[in-house]
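Overview (structure and organization)
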Amino acid sequence: MVTASEMVRADSVHGALYSDEAIFQAELEKIWYRTWVYVGHVSEVPKPNDFVMKVLGPQQVLMTRDRNGEINLLLNRCAHRGNQLCMEQKGNRSSFTCPYHGWTFSNTGQLRGFPFANGYDGADRSKLGLGHVPRVAQYRGFVFGSFAAEGPSLEVHLGAARGALDRLCETSPSGEVEITAGFLQHRAKSNWKFLVENETDGYHPQFVHASIFSVAKSGIGELYGPQSTAVARDLGDGHTENDLRPEFRRIGKPMNWFGTNAERLPEYVARMKAAYGEEKATQIMIDGTPHVMIFPNLFIAEIQIFVIQPLAANETVQHVTALQFKDAPDLNRRLRQQTMGSVGPAGFLLADDAEMYERTQRGVTGASKPEWNYLGRGLHRERRDEDGFLVGDATDEVTSRGIWRHYRSLMEAG
Ligand code: FES
Ligand SMILES: [Fe+2]
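Residues numbered from 1 in each chain as written. Chains lettered and ligands numbered in written order. Predicted model: local features only at pLDDT ≥ 70, side-chain atom pairs only at ≥ 80, totals over all residues.

**Here we look at the overall build of the chain**
Assigned secondary structure in the chain consists of 13 helices and 23 strands. Taking 414 residues into account, the globule formula puts the C-alpha radius of gyration at 22 Å, and the chain, at 22 Å, falls close to it. Reported as C-alpha extents along the three principal axes, the dimensions of the chain are approximately 75 × 60 × 40 Å. Within the span of the chain, comprising 414 residues, buried residues form 44% of the whole. A fraction of 60% describes how many contacts in the chain between residues 6 or more apart in sequence connect residues 24 or more apart. (Helix = DSSP H or I, 4+ residues; strand = E, 2+ residues; numbered from the N terminus. Rg over C-alpha atoms; globule rule 2.2 N^0.38 Å. Buried ≥ 20, exposed ≤ 12 C-beta atoms within 10 Å, placed from the backbone. Contact = placed C-beta atoms within 7 Å.)

Structure, rendered in structure tokens:
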């Protein structure tokens, strides 16, 4: 049998990688339950005993902040007979009581007690706690979990993607991002890797998003054209980005990345200048926020984040929310409005992408030939930038190739 790693070549990948259920199960073991996966943000549980329902791969987890302020990731499954413990999306409580037989667990996962306790004489309560994600770590407030008890640290996993998170936080006058606008969920009948690839595919926007670019009179489309000085970059470790800064610097106007100008956001601009000084603030506001896909599931798309959740070989949910910056109310209002227009229920942008996710899935499952998807665009002009990263032109598939290189190394690991 051909293994998943043999299906990845330097310039192409086999279509079965997107459709085979056995490969999907292997990916859960070798990627989703092993590497670090983004789960949530500290601002979603600001106070002791806050909790919020999250996902890690196909599984539901409760992200809790205990009374000591520590963040825990608990599996949403009663230790008695497996009942789904919590149905609330978020709230504040120090314990969770199962509705089936009343077992109660603390927000750190320990069994606190059960009704009619004399029926459990001799039972070891310490062995009857909730399952938990063994490793939890955070970077700049972004909380990640790993089902592997041992392995590389989060810092090592993030590698060069840390710089993108730093850049994102720096666009906030307080240096902090908040995830407080609420999530929408978009379900797609598509393999999760089609979504990951598409997030930093600089080849499609001019075609797939032509309608939003024309009605919004947006110049974004040109950033992904043959004349653009923007670059596609493989940050290593599966992380990729479309770096639009060269274009924004060439144009040289603060807030152009956000489709607006400094005059329309006076409060934000004043706070940025107070926080960073005139020169640095202006540079940050010209550069804008990153467009980066942090493998395997966190996509920072300038003004919003997307969290990818795989459910089956042909089914994925994308959780989306507007980014909010602490102490930037005028910017935040606009971030929410633009997010609604682009990725909301009637938004123009994600609907276009979703159509392509599903059509590619139907293509690779509905027709058997040609078996390989070709990802060789820009291979002949790939180069190293001054930091040693592989880069290509704005529309090149250097990003997809980087994702697959990393995918292959994870799938080949023992
Ligand atoms: S299944 Fe939860 S208490 Fe019985
Ligand atoms: Fe797109």
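**Quick notes on the nonpolar core**
Formed by 100 residues in total, the largest nonpolar core has its most connected members in Y38, V39, V61, M63, F299 and I300. Of all the elements, helix α13 (residues 398–412) adds the most residues to this core, at five residues. When residues of this core are assigned to domains, at least three fall in each of domain 1 (37–139) and domain 2 (160–412). In this view, Y38 contacts F142, F144, I294, N297, L298 and V307; residues no more than four positions away in its chain are not counted. (Core = buried A, V, L, I, M, F, W, Y, C linked by C-beta atoms within 7 Å. Domains from an automatic or database assignment.)

**Overview of the domain arrangement of the chain**
How big an interface is tends to be reported as the loss of accessible area on association of its parts. Here the chain is described as being made up of domain 1 (37–139) and domain 2 (160–412). Placing the centre of domain 1 and that of domain 2 at their C-alpha centroids yields a distance of 33 Å. Ranked by residues supplied to the side of domain 1 that touches domain 2, first place goes to strand β2 (residues 37–41) with three residues. Here the residues of the side of domain 1 that touches domain 2 sort into five nonpolar, three polar and one charged. (Nonpolar A, V, L, I, M, F, W, Y, C, P; charged D, E, K, R; others polar.)

**Some thoughts on the sheet that holds strand β8 (residues 104–106)**
Pairing within the open sheet is antiparallel, and its three strands lie in the order β7-β8-β9. Only two strands of the sheet have a single neighbouring strand rather than two, namely β7 (95–97) and β9 (111–113). When the angles between neighbouring strand axes are averaged without regard to direction, this sheet yields 30°. Bridging between β7 and β8 involves three bridges; their strand directions are antiparallel. Within the sheet, the bridge partner assigned to F96 lies in β8 and is F105. (Pairing = 2+ DSSP bridges. Axes fitted to C-alpha atoms, helices over the stretch in contact; angles between N-to-C directions.)

**Side note on the pairing of β2**
Counted residue by residue, β2 has five buried out of five residues, so it is predominantly covered. Inspection of the sheet shows β2 paired to strand β11 (residues 142–146) by four bridges, in the antiparallel sense. Directly across from V37, in β11, lies its bridge partner G145.

**Side note on the pairing of strand β17 (residues 298–301)**
Burial along β17 is two-sided: the face carrying L298 and I300 and the face carrying F299 and A301 are both buried. Where strand β16 (residues 291–294) lies against β17, four bridges are found, and the strand directions are antiparallel. The residue bridging M293 from the neighbouring strand is F299, located in β17. Hairpin remark: β16 followed by β17, antiparallel, with three residues in the connecting loop. The pairing of β17 with strand β18 (residues 304–312) spans four bridges and is classified as antiparallel. Bridging from a neighbouring strand, A301 pairs with Q304 of β18.

**What about the environment of M285?**
Inspection of the secondary structure puts M285 in helix α10 (residues 278–287). Under the C-beta neighbour-count criterion, M285 is labelled buried, with 24 such atoms within 10 Å. Counting along the chain gives 16 residues from M285 to V269, while the straight-line C-alpha distance between them is 8.3 Å. Each residue touching M285, except ones within four places of it in the same chain, is listed here: P254, M255, A262, V269 and M272.

**Here we look at the sheet that holds β16**
As summarised here, the arrangement of the nine strands in space is β13-β19-β18-β17-β16-β15-β14-β23-β22, forming an open sheet in which the pairing is antiparallel. This sheet does not close on itself; its edge strands, each paired only once, are β13 (184–188) and β22 (383–384). Relative to strand β15 (residues 239–243), strand β14 (residues 231–236) runs antiparallel, the two sharing five bridges. Across the sheet, the residue bridging to D234 is T240, located in β15. On top of the sheet, helix α12 (residues 349–366) reaches β13 and β19 (315–322); it is set at about 25° to β13, its chief contact.

**Let's talk about the environment of Q227**
Relative to the assigned elements, Q227 resides in the loop between α7 (220–223) and β14. Judged by local crowding, Q227 falls into the exposed class, with 9 C-beta atoms found within 10 Å.

**So, the environment of T64**
The topology assignment puts T64 in strand β4 (residues 59–65). For T64, the residues in contact, after removing those within four places along its chain, are V45, F51, N72, L74 and N107.

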